[in-house]
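Descriptive analysis of the structure
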Amino acid sequence: MSQPGIPASSGALSGLQAQNGAASASGSPFTNGPIQNELMSSQGYSSQLPGSYPHLIPAKTLNPVSVQSKYGGSQTVSPLSNYQGLQTLHRPPVASNAVTPSLHSGPVPRMPQHASQNPAATPVPSGSFHPGASVPPPLNWQYNYPPTGSRTNHGSPVSSGPALSGNTNLTTGHPYVSSGDPSLQNNFIKSGPAPPLVNSPLPATLQPGAPLGPPPTGGPPPVSAHAAQKASHRAVPQPSFNSAVNQEGITSSTNNGSMVVHNSYDEIEGGGFLATPQLTNKTTPVSRSVGYSYPSLPPGYQNTAPPSAAGMPPSSLSYLSGPQAFTQTPLGANHLTASMSGLSLHPEGLRVVNLLQERNMLPPTPLQPPAPNLHEDIQKLNCNPELFRCTLTSVPQTQALLNKAKLPLGLLLHPFKDLVLPVVTSSTIVRCRSCRTYINPFVSFLDQRRWKCNLCYQVNDVPEEFMYNPLTRVYGEPHKRPEVQNATIEFMAPSEYMLRPPQPPVYLFVFDVSHNAVETGYLNSVCQSLLDNLDLLPGNTRTKIGFITFDSTIHFYSLQEGLSQPQMLIVSDIEDVFIPMPENLLVNLNESKELVQDLLKTLPQMFTKTLETQSALGPALQAAFKLMSPTGGRMSVFQTQLPTLGVGALRPREEPNHRSSAKEIHLTPSTDFYKKLALDCSGQQVAVDLFLLSGQYSDLASLGCISRYSAGSVYYYPSYHHQHNPVQVQKLQKELQRYLTRKIGFEAVMRIRCTKGLSIHTFHGNFFVRSTDLLSLPNVNPDAGYAVQMSVEESLTDTQLVSFQSALLYTSSKGERRIRVHTLCLPVVSTLNEVFLGADVQAISGLLANMAVDRSVTASLSDARDALVNAVVDSLSAYRSSVLSNHQPGLMVPFSLRLFPLYVLALLKQKSFQTGTSARLDERSFAMCQVKNQPLVYLMLTTHPNLYRVDNLSDEGALNINDRTIPQPPILQLSVEKLSRDGAFLMDAGSVLILWVGKNCGQNFLSQVLGVQSYALIPHTMTDLPELDTPESARTIAFISWLREQRPFFPILYVIRDESPMKATFLQNMVEDRTESALSYYEFLLHIQQQVNK
Ligand SMILES: [Zn+2]
């Protein structure tokens, strides 16, 4: 018998009815062989970028006269108190959103689908990528950079040049790249003529009216041996470990008009050979402006104070409490022999595991990232894996070896994570003069005067200033400088690193005030949060703030100092949006604080009687963009429905009955309006964060583009309602508190460099890829993660170590230009077994999830699911055929990959990729946004939650943090087998915590923790634990609080029993169990085994 929905050939399934895989492995072979072949040959990833994005035009400067003339015609100006009287109310109210709980009924389990059942990728609208037909089939799933030179930049590269074909396929004539030149993937492979336009003007980043100055000649000034005298170093001030010095001097001195205006960030950050000096002649004539003077900061080192946001504390990492003790001998290539001699792996790591026999491979404590197989002296200096990790901690020597392993090579980054780190203030930032790498712990000193770059092997001089170590106050110890002792470090950047004076912090809030929005009651929460946190917004005396509200019209608020109350300006012309009184709408927060507070107190009441149901989100965003264009900054948009008016209006696309279909769902944007506007925003250093509070379909797949390409974030509060959904209200408040007060970096760019021979080709995350590999991040926040894919372009046979370095250049909220640098060092290996031994299964799963999101959008969801399964099958097949000598029965995996099938199964059941009707389209789109934007640790928690038994918490093995005792119960497998009716179990799924209480749960837990006398008395909706004066209560609350504190978002707690609606979610997350639409873990293992042993 064959179940509906399963291809007839998959008859093996029929024998596997039992929930937890009690079936035997002897079923008929489950053949889906053709899938792999077809999948492979059909996914060439010769991507095209259909939409062309004519470059970013500076916003129209408003002519005051025309504003005036238009002003009278199309808008009404009135004091706030008159608002209701002026509003024309002629539309009927809509019904408030009914809250529809997700129903978890769905079709039968579905195995990876036959490729022929998804004959064609869904048509890809502009803004997406077409799988190329003419490209030779890659050997496997997009792990490798096809030698033909086609590339996928999912941030959709747009050059700084004026004419763009919007085609990323280099072989077909890239507009700004000499065709097919592989050096573009690598900054330092060739020093030949670089692409002409890389250094050409980026008009959008220029301040209108600012003089177009010369580009910098790139890099630190040449070091002249006689420039600095030894004596001068004795005058270097003693290093200070106080919190960051006040750098106001920098910013205040930059306000004169004369300054160096760089043509692009590419030059500033330094594109390696791409920015070689001769190229700068192609741009404006060089006449280095000198009027722009920054006080040169004395060398010194400060520790930044840890961010002290009220409310949710920053994540607890503080692994660097300042510059470390300098006891190590210098490391580098000249110490390789020593470095590599200490290799050792824990014997457990060398084990081969038969997953069909060893059913429980899940460790009881959180899985730690594997330590690279490096000498301890190097490893001690290495970057913390929470910030920077690689899918393969042993990097294959050649692409052929990587191809053989069938595992993806890539990096996962959390570059701006909250942490305490050493900050270097020095007039000379030492970088490789060839590839622009920052000096780091893994360079080698040939002697006291020369260092060799660990990325391109260029030999560089040690600048005179660098000879002095201000920490030890010793001269002649360049290898003991903090830059060479810390893999994570931050520099105060001198003026060469600025395109313009550092921008002030600018915060613009855009509020939906339609009838639907008012119904949710969200304005109260948001305005109150803002009032509470107004003084905690990161910034300084230059901080600016502004507000826009909109329904069918757009409302501005003049907050000019001196007004007795905020003045509202209504613009009803949404076809051609203009800004009335642009100078009074974004105001200095300090100077206009009372008016701002006034407005925040009034706003929630102003629209309570509105009957306006339309939403002109697009025009409101255009207006907000115009308002922010001159400065850049952060735009926070609150939207509660599908936009219906003006540009960017959307139509409902969700068909509930088709939710289960994996191929006909709308994951691609229905318009490129939001993406285009996001790119405009990016060009003007504006990032857009979208808060969607809606119970109805709002087409997040389209709306989300506004954040994705502008380096913003998406927040989603489905079914938000101030009365009906109090936990969402609590969640919004907590998350706003974090959002408003967390660290923020403005006008940022990030570049990732790697050792010569390696090449980065695909980027994942929210940003925009500018000039081939420079990520443009108008804002960077401490909660965002990124991923990149890499290939081995040239054999690494001549080196035993490779390094990766990310450099994030940003403007702090205090107006300092800073560079945060992380450097990761890994060994190179030459055998397949070593590659497998060093595999980082979480990083691999995280990267695959990112790739699968792209695949879902460019091809189809079922393609993405197939590819995930094939990733496991292919790599384990490779392991079996190339590493294992005797082919034992069973499913043999290297110890490092023992959780790989489990994690991939968990991904298939994750909201992003699951099948079945339970996933609503916006929820799926949001889950995909999260995959792309979250740091790995949260992605893994969302994918494979942690399950704990909590009715018997004890202090045994508990953590002790600040006099608090935090119990550490063991992590259980995600299977109902692990539950028992006489217990209580907590599932931590990242953004949600579910505490399931068994029917026969002990009286002690009920009364001492839940505060109820019997199971039947547990309230139906219980989202909080009472604080009882019992040790049991204290332990449980301590544990839950501790889980919550460690993340930047607020997980809702649901206490549930068998009858609760959340029970379905709880069961859905039981990854190892069979569900209505997915296999059990054991069934999945059998399927993998059959594929592997073919
Ligand atoms: Zn170099």
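Computed from a predicted structure; not experimentally measured.

As for its placement among the helices and strands, Pro 1026 is situated in the loop between helix H26 (1003-1010) and helix H27 (1031-1045). The class of Pro 1026 is partly exposed, set by a relative accessible area of 28%. Taking C-alpha positions, Pro 1026 is 8.7 Å from Ile 1037, a pair spaced 11 residues apart along the chain. Sequence-distant contacts of Pro 1026, defined by excluding residues within four places in its chain, comprise Val 1009, Leu 1010, Gly 1011, Ser 1033 and Ile 1037.

We now examine the coordination of the zinc ion. Coordination sphere of the zinc ion, protein contribution only: Cys 432 (SG), Cys 435 (SG), Cys 453 (SG) and Cys 456 (SG), at 2.3 Å. In terms of primary sequence, the donors binding the zinc ion are separated according to C-x2-C-x17-C-x2-C. For the pair Cys 453 and Cys 456, a shared accessibility class is recorded, and that class is buried.

By the definition in use, this model includes 23 aromatic pairs. Aromatic side chains Tyr 438 and Phe 491 sit 5.9 Å apart centroid to centroid with 25 degrees between the ring planes, which places their arrangement in the stacked category. In this pair, Tyr 438 is assigned in the loop between strand E7 (422-425) and strand E8 (444-447) and Phe 491 in strand E13 (residues 488-492), connecting sequence segments 53 residues apart. Phe 491 shares its class with Tyr 438; the two are buried. Grouping aromatic residues by their ring pairs yields a cluster made of Phe 509, Phe 511, Tyr 522, Phe 547, Phe 638, Phe 691, Tyr 715 and Tyr 739. A cation over an aromatic ring shows up here: Arg 431 above the ring of Tyr 438, its NZ or CZ 4.1 Å from the ring centre. The ring of Tyr 1015 carries the charged tip of Arg 1057 above its face, separated from the ring centre by 5.8 Å.

Turning our eyes to something else, we now look at the packing of H26 against H27. The packing of two helices is summarised by the inter-axis angle and the distance between the axes. With their axes 8 Å apart at the nearest point, H26 and H27 run at an angle of 70 degrees to one another. Taken together, H26 and H27 sit at an angle that is classed as roughly perpendicular. Residue-level contacts link Asn 1004, Phe 1005, Gln 1008 and Val 1009 of H26 to Glu 1032, Ser 1033 and Thr 1036 of H27. Among the residues forming the contact of H26 with H27, the class breakdown is 2 nonpolar, 4 polar and 1 charged.

Burial analysis of strand E14 (residues 506-512) places 7 of its 7 residues in the buried class, which makes it a mostly covered element. The side-chain alternation of E14 yields two buried faces, one formed by Val 506, Leu 508, Val 510 and Asp 512 and the other by Tyr 507, Phe 509 and Phe 511. The pairing of E14 with strand E15 (residues 544-550) spans 7 bridges and is parallel. Following the sheet pairing, Leu 508 is matched in E15 by Gly 546.

Conventions adopted
- Residues numbered from 1 in each chain as written.
- Predicted model: local features only at pLDDT ≥ 70, side-chain atom pairs only at ≥ 80, totals over all residues.
- Heavy atoms only, no water.
- Helix = DSSP H or I, 4+ residues; strand = E, 2+ residues; numbered from the N terminus.
- Buried < 20%, exposed > 50% of the residue type's maximum accessible area, 1.4 Å probe, protein only.
- Contact = heavy atoms within 4.5 Å.
- Donors = N, O, S within 2.8 Å, 3.2 Å for Na, K, Ca; no water.
- Phe/Tyr/Trp six-rings, centres within 6.5 Å; stacked < 30°, edge-to-face > 60°.
- Lys NZ or Arg CZ within 6 Å of the ring centre and 35° of its normal.
- Axes fitted to C-alpha atoms, helices over the stretch in contact; angles between N-to-C directions.
- Parallel < 35°, antiparallel > 145°, perpendicular 65-115°, else oblique.
- Nonpolar A, V, L, I, M, F, W, Y, C, P; charged D, E, K, R; others polar.
- Pairing = 2+ DSSP bridges.

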